[in-house]
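Now for the letters of each chain:
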Amino acid sequence: MSTEAQPRIAPDEGAVPPPVRHAGVWSLTWAGVRTVAALELRQRVRSTRWIVSLVVFGVVVGIVTTLTYVVARQLTGDLGTGAALDETAGRTMFGFIVFFVLFLGLLVSPTLSATSINGDRAHGTLATLQVTLLSPAEIVLGKLLASWVASLAFLAVSVPFIVWAFATGGTALVGLVTTVLLLAVVLAVVCAIGLGFSALTARTAGSAVLTYVTLAGLTVVSLIVFGLSVPLVSGVERVEVLTEDWAPGRDITFDEQGRPSEEIPCVLREEDRYVSHTERTWWLLAANPFVVVADALPPATGGAAIADPMTGIRYGVRTMRLGVQEPLDECWSAWQQWDERERDRRERADALGAVWPFGLAANLLLGAAGVVVAVRRLTIPQAKLPRGTRVA
Amino acid sequence: MSIEAHGVRRSFGAVRAVDGVDLVARPGRVTALIGPNGSGKTTLLLVLAGLLRPDAGTVRVGGVDPLADSRGARAVTGWMPDVFGTWDSLTAREVLLTFAAAYRVPDDVARPRVEELLATVHLTEYADRPAHVLSRGQKQRLGLARALVHDPQVLLLDEPASGLDPRSRVDLRVLLRDLAGRGTTILVSSHVLTELDEMADDAVFLSAGRTVATQSVRDAVTTRRPWRLRALSQRALVTWLDERGLRWRADEPFAAPAEGAGGVVVELESEEAAAALLRDAVGAGIAVTALSPATGALESTYLTLEEERR
C-alpha cells in the first residue's frame, strides 16, 4: 500500500473559520438586474399558457366593464337626469372597474413571484446563478422586475377598460393617472411580498399560500378586525350634543309627511352618548390597498351631492380617523341644510390630511421587507439552509 | 491557483456531511474526488464553490478564501453540480450568453467564446433549439459548457460523466486533459473509477466525510493488485505457476484446471513484476494470450479502503 492514511481529526479540533464578510451583497448594476430579468421573462413569455391567461384576463375585465356600463346607464336613466347623477354613475363605474382590476391583480401577481425563488431551487437552477458574479440583490431585484413587468402586462390589458370607465365622466384626468400608477405600485409590492415568501419556504405551494394569507390580511382580515374592535374603543361618555329643543308645552304641527312645519331650534347640551373612538383604530383600514387607491382618487368636482363608492370609502376612512366629533349633530329636522353639513363634514375630514400616504408607506415597507428577506436568503456562503431544501 | 482545504467540517443538523477533509488540488492537474455515496463529496464541492459556509476549517480556492471574498473566489471558479436544471424555454446559446453576462464577460468576448464552447461540447447544431429538447447527456454537456463560460482557473465538477455516452466520455477526458495542460486546476468527483484512471493525476479518497487517503494515480499503478493471466492451456499455466511457487486463483474456483484455454488471477506488486512474469512464462513455453490488470488502479485502492473500513 502506498496510500498514506491521513491523521483523523477529532470533532472538536480544527480552526474556526473567520466570520463571513458579506461584501457586495447589495452591490447593484443595471446590467446584472437586466440579465436576471431577461432570463426570467424569456423563460415565462415563451410558455404559451401565459399569453392565454393574458387573453382570458382581458376578456373577463372586458365583460365586467361592459356589464357595469350597461347597469350604470340603466340606473342613471331610472333616476332621471342631472350632472351630479351622471358624475356619480361615471365614478361608480370607474371605481368598480379599478377595484375589479386591483382584485384580479392581487390574485394573479403572487402566482408570478411567489414561486420564483423556491421554484428555481427545486428546478436546480438557482445555485448555478448564485455562483456567478451576480450579487444576491441583483438576482432578487431582477426577479422582482421580471414578475412586476409580467403583472404590468395584466394591468396594461385592463387599462383600455379603465380608460373607458374614466371616459364616462366624473373623474379628473389626474385621478386616472394616479390610480393607474398606484395600481402599478401595489402590484410591485405584492410581487416583492411573494418573492420574500418564496425565499423563506421550501415549497412553492407554501409560499403561494403565505402570500395569499398576507394579502387577505391586508384587505379582508384588517377590515374584520377593525369592525370587531369597534366595541373595544367605544363606550358611553358625556359629550357635547347639538340637539333639538323639544321644550315642554311647545305646540308643534306636522305636515302630511311627518315633518315639523316650523324649524325646531337646536341647543348645545352635555349628555351621555355611546361613542366610538375610531381615531385609535383607523390605521387598520389605511394599509388596505383598496383604501389606498380609493383615498388617493381626487373627489368629484361636483361637490357633496356625488356619492359613489370611491368617495364613500375616502370619507368613510377619513371620518373614522377623526373619531368622535363634538358636538354630535342631532338636529334631524334641519334636513334642508344636509348638503351644507355634509360638505362641512368632508372639509373637516380633509383638513386632517390624506390617508393613502400612510397606507402606501406601510405597503412599501412590507415590499421592502420581502426584498430584504430574499436577499439575505440568497447570500452565499450560506450558514443555514431553509428546512427541507438543498443548495443545489 | 490551487484548491486547498484543511480540516473542513460541515453538518446539516445532526448529520455530519463533511467531517474533517484535507485536500490539495494543484494547478495543471486533474484531481479525482473518490468516495461512496454519502461520503460528503457533493457537500465538499458546495463548500469549495462558495455556496456553503463550513462549520470549521479553512478553504482557499485559487488563492482566495470564499468566506472572506466570496465574489473574488466565484470569479475564478467554474462549478458544475451533480444535479441541475435548465431553463427549458431558453436555447442553448441563450443559456450560455446569459451566464457569460452573469460573469460580466464583455459581449464582444462572450459571443465568439460561446460559439467555441458550443463546438467543444458538440452542441452547435442544437444551439438554437430550446433546452427542453436536449437529452440528458446533452444537458450535461451544456452544463459543462456553462461552467467554462468565464474561462475559470479552477474547475469543480460533480459527477460530470453521468449520463454521457461513451463518445462524450472520451471527449470529456480529452477536454479536461487539455484544460489541465493549460494550467487549470480541476477537481472531479465520480464513482466511475476506470474513467478516472485515465483522466486523473491525483486522487483523494473520502469516506464518511473524512479524507481517508490521498494518492497519485502513478502510485496507484505501482500498487499491489490483481492481474488476469490467460493462456491457451489453463492446465499448463497452472502447473507452471505451481512450480514457481506463485499463488493464483481460478476464475471458477471449484472447477479443475481445464485442458483448453483459460485464465487465472495472480496478485502482482507492480507493472515491473507483471512484465517479468510475462517474460518468464513465455520463456517457459507457456502460450500466454493476455495479461492485464483485473481491476483499475484507483478501484483497487478504493476496494482496499472499503475492506479496511469494514
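Residues numbered from 1 in each chain as written. Chains lettered and ligands numbered in written order. Predicted model: local features only at pLDDT ≥ 70, side-chain atom pairs only at ≥ 80, totals over all residues. Heavy atoms only, no water.

Visitor: Honestly, the pairing of strand 12 (residues 262-268) of chain B in this entry has me stumped. Any pointers?
Guide: Every regular strand shows the same layout, with side chains that alternate between the two sheet faces. All names here are of chain B. Strand 12 sits mainly inside the fold: six of its seven residues count as buried. In terms of strand pairing, strand 11 (residues 249-250) meets strand 12 through two bridges, oriented antiparallel. Within the sheet, the bridge partner assigned to A250 lies in strand 12 and is V264. (Buried < 20%, exposed > 50% of the residue type's maximum accessible area, 1.4 Å probe, protein only. Helix = DSSP H or I, 4+ residues; strand = E, 2+ residues; numbered from the N terminus. Pairing = 2+ DSSP bridges.)

Visitor: Before we go on, may I ask you to explain a negative patch on the surface in this structure?
Guide: On the surface, a cluster of negative charge is made up of D339(A), E340(A), D344(A) and E347(A). One can find E347(A) in helix 12 (residues 338-351). (Patch = residues over 30% accessible without salt bridge, like charges linked within 9 Å, V, L, I, M, F, W, Y side chains within 5 Å. Areas by Shrake-Rupley, 256 points an atom, 1.4 Å probe, with all protein chains shown as cover. Salt bridge = Lys/Arg side-chain N within 4 Å of Asp/Glu carboxyl O. Lys, Arg positive; Asp, Glu negative; His and termini not counted. Charge placed at Lys NZ, Arg CZ, Asp CG, Glu CD.)

Visitor: Where do I start with the environment of V83(B) in this structure?
Guide: All names here are of chain B. Turning to its location among the elements, V83 is positioned in the loop between strand 5 (77-80) and helix 3 (92-102). Classification of V83 by relative accessible area gives exposed; the value is 53%. In this structure the C-alpha to C-alpha distance between V83 and E159, which are 76 residues apart in sequence, comes to 8.9 Å.

Visitor: Hey, could you run me through the sheet that holds strand 10 (residues 225-231) of chain B in this one?
Guide: All names here are of chain B. Strand order in the open sheet made by the four strands is 11-12-10-13, with antiparallel pairing throughout. Since the sheet does not close on itself, it has two edges, and those belong to strand 11 and strand 13 (288-293), each with one partner. In terms of strand pairing, strand 10 meets strand 13 through five bridges, oriented antiparallel. Note that in strand 13 the partner of W227 across the bridge is P293. Contacts between helix 9 (residues 234-244) and the sheet are confined to strand 10, strand 11 and strand 12, with strand 12 contributing the most and set at about 25° to the helix. (Contact = heavy atoms within 4.5 Å. Axes fitted to C-alpha atoms, helices over the stretch in contact; angles between N-to-C directions.)

Visitor: Help me out: how do you make sense of the nonpolar core in this one?
Guide: Grouped together as the largest cluster of nonpolar side chains are 102 residues, with contacts concentrated most on L23(B) and L48(B). Among the elements that take part in this core, helix 3 of chain B stands out by supplying seven residues, more than any other. Those residues in contact with L48(B), other than ones at most four positions away along the chain, are I3(B), A5(B), V59(B), V61(B), P66(B), L156(B) and L187(B). Listed in part, the 40 residues of the second largest apolar core include V61(A), L106(A), A165(A) and L215(A). (Core = buried A, V, L, I, M, F, W, Y, C linked by side-chain atoms within 4.5 Å.)

Visitor: Quick question: what am I supposed to make of the domain arrangement of chain A here?
Guide: Size of an interface: often given as the accessible area lost when the parts come together. Residues and elements named next belong to chain A. The domains assigned to chain A are domain 1 (30-227 + 357-377) and domain 2 (234-246 + 267-356). Look at where the C-alpha atoms of domain 1 and domain 2 centre, and you get two points 31 Å apart. Between domain 1 and domain 2, the residue contacts involve 33 residues of the former and 33 residues of the latter. Regarding the contact of domain 1 and domain 2, the summed buried area is about 2700 Å², with carbon and sulfur atoms giving 76% of it. Three residues, R91, F99 and F226, lead the burial of domain 1 against domain 2; their summed loss comes to 27% of the area buried on that side. Applying the counting criterion to the domain 1 and domain 2 interface returns one salt bridge. In this structure, R91 and D308 form a salt bridge, with 2.9 Å as the shortest nitrogen-oxygen distance. (Domains from an automatic or database assignment. Buried area = accessible area lost by both parts, 1.4 Å probe.)

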